[in-house]
Amino acid sequence: MMIYEYVVGAIIASFFWVFLLLTYSIQKKETIGKIECGKSFEDGEYKSGLFNKNTDVIIVGAGLAGSALAYSLAKDGRQVHVIERDLTQPDRIVGEVLQPGGYLKLTELDLADCVDEIDAQRVLGYALYKDGESIKLPYPLENFPSDVAGRSFHYGRLVQRMREKAASLSKLEQGTVTSLLQEKGATKGVHYRTRTGREMTAYAPLTVACDGSFSKLRLSLSEPKVDVPSSFVGLILENSQLPFPNYAHVIIAEPSLILFYPISSTEIRCLVDIPGRKVPSISNGEMANYLKTVVAPQIPSTLCKSFISAVEKGSIRTMPNSCMPATPFRIPGALLLGDALNMRHPFTGGGMTVALSDVVLLRHLLKPLDHLNDSHY
């Protein structure tokens, strides 16, 4: 089976999954109180006076999953310590499309305002192209308020907003976690190095590893089986218009798929999927030639000129597309969450929605517990 058949099937399956998630959310409406985001970010370092030594939860990583979990648990009254390797704004070419179900989870976590003021764009569905023909697949949003839709954006802008929210209620510190602190088969905390190089140990009854797709703690908490079926080549088209506004566009091409979606009011992200582990070289011009001669002729004419301009501009980036099922060990005191736990092909656009759904689930499971020190829980 060719890679595009697998991914298109996953996109169609994700529509059914989004529909089920939306239906579930209709049945479970909650009133969420609002807390203003604290302006605590200064020169790459967050500060909060709300932390004391009685830490309940250590969270490793302050990406989307870690920041959402920190904010939600701290809002429930937990003392949370978040350790993030790099607090500067992330710059990556994936994690830029949030499905409507993910937006509903942001709302449930009182984080929906994080997509405000970052020039996020509404996404109403997908447009599919093949052999010169096209069809629109809108999300089933008829029974939802007008604000419910997908969102697309610069990933780093969203994460910085979520970090600010997390820091308003918890301690968010820049540092590098080097290992888990384990005693008698249980996790008691982490060893980490601060921004200034000081070696530290932090203790808590629960440690949650949210350190992303390249997780260093994954090997201690699971038996990962990572597959890399393809790589993405990323470009940004400037001052161009998609044929169907507010829709992500999927071109079913050869040898694989091409994706376009807006990430701001003036920018369109293009992702070209290249099967296999090897991609043409950017440095010697092979990649530019591949994009011009193989990819460009398969792109709709309304986007082709902007695509070629983006190639000639030279800001071409690549990244491997990883897939990994969840295979966690049962270790008292520690959990994996987000891409550290499992990954699906980024073309499906489901990673952030899955992570936020898991945050909601974990919060729900922990909420009835008065404390986290009893191992019998």
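Residues numbered from 1 in each chain as written. Predicted model: local features only at pLDDT ≥ 70, side-chain atom pairs only at ≥ 80, totals over all residues. Heavy atoms only, no water.

Quick look at the sheet that holds strand 13 (residues 206-209)
Working step 1: The sheet built from 7 strands is open, its strands ordered 12-11-10-4-3-13-19 with mixed pairing. Pairing within the sheet leaves two strands with one partner each, and these edge strands are strand 12 (199-203) and strand 19 (334-336). Neighbouring strand axes in the sheet, compared pairwise and without regard to direction, differ in orientation by 35° on average.
Working step 2: Relative to strand 4 (residues 80-84), strand 3 (residues 57-60) runs parallel, the two being bridged by 4 bridges. In the strand pairing of strand 4, V60 is matched with I83. (Pairing = 2+ DSSP bridges. Helix = DSSP H or I, 4+ residues; strand = E, 2+ residues; numbered from the N terminus. Axes fitted to C-alpha atoms, helices over the stretch in contact; angles between N-to-C directions.)

What about the environment of L336?
Working step 1: Its location among the elements puts L336 in strand 19.
Working step 2: L336 gets classed as buried once you look at its relative accessible area, which sits at 10%.
Working step 3: When sequence neighbours within four positions are dropped, the list of residues in contact with L336 reads A209, R218, L221, S222 and L341. (Buried < 20%, exposed > 50% of the residue type's maximum accessible area, 1.4 Å probe, protein only. Contact = heavy atoms within 4.5 Å.)

A look at the sheet that holds strand 14 (residues 227-238)
Working step 1: Taken in spatial order, the 7 strands make up an open sheet running 8-7-15-16-17-14-18, and their pairing is mixed. Each edge of the open sheet is held by one strand with a lone partner, namely strand 8 (133-138) and strand 18 (317-323). Strand-to-strand twist across the sheet, computed as the mean angle between neighbouring axes with direction ignored, equals 25°.
Working step 2: Bridging between strand 7 (residues 125-130) and strand 8 involves 6 bridges; their strand directions are antiparallel. Among the inter-strand pairings, G125 is bridged to a residue of strand 8, identified as P138.
Working step 3: Contacting strand 14, strand 16 (257-262), strand 17 (267-275) and strand 18, helix 6 (residues 286-295) crosses the sheet at an angle of about 95° to strand 17.
Working step 4: Contacting strand 14, strand 16 and strand 17, helix 7 (residues 301-313) runs over the sheet at an angle of about 100° to strand 14.

What to know about the packing of helix 6 against helix 7
In a pair of packed helices, the angle between the axes and the distance between the axes together describe the arrangement.
Working step 1: As a packed pair, helix 6 and helix 7 sit with axes 9 Å apart at the nearest point and diverge in direction by 165°. By the criterion of interaxial angle, the relationship of helix 6 to helix 7 is roughly antiparallel. Classified by chirality, the crossing of helix 7 by helix 6 is left-handed. Residues A288, L291, K292 and V295 of helix 6 lie in contact with helix 7, whose contacting residues are F307, I308, V311 and E312. (Parallel < 35°, antiparallel > 145°, perpendicular 65-115°, else oblique. Left-handed = near helix turned anticlockwise from the far one by under 90°.)

Some details on the pattern of salt bridges
Working step 1: Tallied over the entire structure, the rule returns 13 salt bridges.
Working step 2: Between D131 and K130 there is a salt bridge whose closest N-O contact spans 3.9 Å.
Working step 3: Here the salt bridges share partners, and the residues they tie into one network are D76, R363 and K367. (Salt bridge = Lys/Arg side-chain N within 4 Å of Asp/Glu carboxyl O.)

Details of the packing of aromatic side chains
Working step 1: Enumeration over the complete set of coordinates arrives at 3 aromatic pairs.
Working step 2: Pairing Y129 with F244 gives two aromatic rings, centres 6.4 Å apart and planes at 55°, and the pair type is tilted. Residue Y129 is found in strand 7, and its partner F244 is found in the loop between strand 14 and strand 15 (247-252); the two are separated by 115 residues along the sequence.
Working step 3: Exposure remark for F244: the relative accessible area of 23% places this residue in the partly exposed category.
Working step 4: A cation over an aromatic ring shows up here: R92 above the ring of Y155, its NZ or CZ 4.1 Å from the ring centre.
Working step 5: When the ring centre of Y103 is taken as origin, the NZ or CZ atom of R151, which lies over that ring, is 4.3 Å away. (Phe/Tyr/Trp six-rings, centres within 6.5 Å; stacked < 30°, edge-to-face > 60°. Lys NZ or Arg CZ within 6 Å of the ring centre and 35° of its normal.)

Things to note about the nonpolar core
As a rule of thumb, soluble globular proteins bury nonpolar side chains together.
Working step 1: In terms of nonpolar packing, the biggest core is built from 66 residues, with I59, L64, L69, L111, L158, M162 and V208 touching the most fellow members.
Working step 2: The biggest single contributor to this core is helix 2 (residues 64-75), with 8 residues.
Working step 3: Non-local contacts of L158, meaning those with residues more than four positions away in its chain, are made with L64, C114, V115, I118 and F153.
Working step 4: Within the second largest apolar cluster, 26 residues are counted, among which are L235, V272, I274 and A310. (Core = buried A, V, L, I, M, F, W, Y, C linked by side-chain atoms within 4.5 Å.)

Topic: the side chain of D273
Working step 1: One can find D273 in strand 17.
Working step 2: Despite its burial, D273 remains without a salt bridge, the nearest opposite charge being carried by R277 at 13 Å.
Working step 3: At 2.6 Å, the side chain of D273 and the side chain of S256 are in polar contact. (Lys, Arg positive; Asp, Glu negative; His and termini not counted. Polar contact = N/O pair within 3.5 Å; in protein donor to acceptor, adjacent residues only side chain to side chain.)

Brief notes about unusual backbone geometry
Working step 1: A cis amide bond links E254 to the next residue, P255, at an omega of 5°.
Working step 2: By the element assignment, P255 lies in the loop between strand 15 and strand 16.
Working step 3: Phi is positive for E117, which is not a glycine, with a value near 60°.
Working step 4: In this structure, E117 sits in the loop between helix 3 (100-108) and strand 6 (121-123).
Working step 5: One non-glycine residue, D131, lies in the positive phi region at around 55°.
Working step 6: Tracing the backbone shows D131 in the loop between strand 7 and strand 8.
Working step 7: On the basis of relative accessible area, D131 is assigned to the exposed category, the value being 69%.

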